Amino acid sequence: MNTSAVAEPNFSPIEVIACPYCGELNESTYVHCRQCDTLLLTDAARAVVLPQASQRSGCVLVYAAFLGGTAVALVTAAIAAHDASAGWTLLLAAFEALVAFGLWRHRNWARFTVIVMQCLNVLFGLILIATGSLEGIALAAIGATIAYWFYANDQFFH
Ligand SMILES: [Zn+2]
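Report on the accompanying structure. Because the structure is predicted, anything quoted here is derived from the model rather than measured.

1. Some remarks on the overall build of the protein
(1) Moving on: Counting its secondary structure elements, the protein contains five helices and two strands.
(2) Moving on: In the protein, the proportion of contacts linking residues at least 24 apart, taken out of those at least 6 apart, comes to 39%.

2. Brief notes about helix H4 (residues 108-130)
(1) Moving on: Between its terminal C-alpha atoms H4 stretches 33 Å, which fits the 33 Å expected from 23 residues at 1.5 Å a residue.
(2) Moving on: Those residues of H4 hidden inside the fold are in contact with helix H3 (85-104) and helix H5 (135-152).

3. Things to note about the packing of H4 against H5
Two measures define how a pair of helices packs: the angle their axes make with one another and the distance between the axes.
(1) Moving on: As a packed pair, H4 and H5 sit with axes 7 Å apart at the nearest point and diverge in direction by 160 degrees. Our classification of the angle between H4 and H5 gives roughly antiparallel. Viewed along their axes, H4 and H5 form a crossing whose handedness is left-handed. Residues Arg-111, Val-114, Ile-115, Gln-118, Cys-119, Asn-121, Val-122, Phe-124, Gly-125, Leu-126, Leu-128 and Ile-129 of H4 pack against Glu-135, Gly-136, Ile-137, Leu-139, Ala-140, Gly-143, Ala-144, Ile-146, Ala-147, Phe-150 and Tyr-151 of H5.

4. A few points about H5
(1) Moving on: Compared with the 26 Å implied by 1.5 Å per residue over 18 residues, the 26 Å span of H5 between its first and last C-alpha is a close match.
(2) Moving on: Listing the buried residues of H5 in full gives Leu-139, Ala-140, Gly-143 and Phe-150. In an axial view of H5, the angular spread of the buried residues amounts to 105 degrees, which keeps them on one side of the axis. Those residues of H5 that are exposed and angled more than 90 degrees off the buried face are Ala-138, Thr-145, Tyr-148 and Ala-152.
(3) Moving on: Looking at the buried side of H5, the elements it contacts are H4.

5. Here we look at the environment of Cys-22
(1) Moving on: Considering the arrangement of structural elements, one finds Cys-22 in the loop between strand E1 (16-18) and strand E2 (25-27).
(2) Moving on: For Cys-22, a count of 12 C-beta atoms within 10 Å puts it in the exposed group.
(3) Moving on: Separated by 14 residues in sequence, Cys-22 and Cys-36 have C-alpha atoms that sit 7.0 Å apart.
(4) Moving on: Residues in contact with Cys-22, not counting those within four places in the same chain, are Cys-33, Gln-35 and Cys-36.

6. A closer look at unusual backbone geometry
One can expect most non-glycine residues to show negative phi and most peptide bonds to be in trans.
(1) Moving on: The backbone of Asp-37 shows a phi angle near 70 degrees, a positive value even though the residue is not glycine.
(2) Moving on: Inspection of the secondary structure puts Asp-37 in the loop between E2 and helix H1 (43-49).
(3) Moving on: According to the C-beta neighbour criterion, Asp-37 is exposed, with 12 such atoms within 10 Å.
(4) Moving on: One non-glycine residue with positive phi stands out, namely His-106, at about 55 degrees.
(5) Moving on: As for its placement among the helices and strands, His-106 is situated in the loop between H3 and H4.
(6) Moving on: For His-106, a count of 19 C-beta atoms within 10 Å puts it in the partly exposed group.

7. A short note on the packing of H3 against H4
(1) Moving on: Where H3 contacts H4, the axes come no closer than 7 Å and their chain directions differ by 125 degrees. Relative to H4, the element H3 lies oblique. Viewed along their axes, H3 and H4 form a crossing whose handedness is left-handed. Facing H3, whose interface residues are Val-99, Gly-102 and Leu-103, H4 presents Trp-109, Ala-110, Thr-113 and Val-114.
(2) Moving on: Partitioning the contact of H3 with H4 into residue classes produces five nonpolar, two polar and no charged.

So, how was this worked out
Residues numbered from 1 in each chain as written. Predicted model: local features only at pLDDT ≥ 70, side-chain atom pairs only at ≥ 80, totals over all residues. Helix = DSSP H or I, 4+ residues; strand = E, 2+ residues; numbered from the N terminus. Contact = placed C-beta atoms within 7 Å. Expected span 1.5 Å × (residues − 1). Axes fitted to C-alpha atoms, helices over the stretch in contact; angles between N-to-C directions. Parallel < 35°, antiparallel > 145°, perpendicular 65-115°, else oblique. Left-handed = near helix turned anticlockwise from the far one by under 90°. Buried ≥ 20, exposed ≤ 12 C-beta atoms within 10 Å, placed from the backbone. Arc of directions from axis to C-beta. Nonpolar A, V, L, I, M, F, W, Y, C, P; charged D, E, K, R; others polar.

As structure tokens, this is what we get:
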């Protein structure tokens, strides 16, 4: 008979948080420090302050739909083109469709991809400005706005 099958005591690790004032370790369920009575910002309190991690963002869904629409337009253009560029256009369409799918599912890798893509747009916009093209200003501004939004709103992604 296997004696190791005896049920082990069900230990759940107690979460502790350090008091921001005196450093005393308190259980995360405490509201006030047991040593100095300073108000502790518990995980529960933080959870109330921060939006739910599972929340879906309308902005992300709109951007995903935009990328998906761009992918469809690229496929249409590739079919119409019938030349050597069609392969690259289809590849770009597949990439945009993949990122659109990732955004729709609120995946972090899609978030990072958008940030990188938009940073490249900012760089490209700055190059245009440097060469005297004012269109670069709009490109850089839009790219910076979208990149910053995706950088700052990580709570929607997982
Ligand atoms: Zn304390």
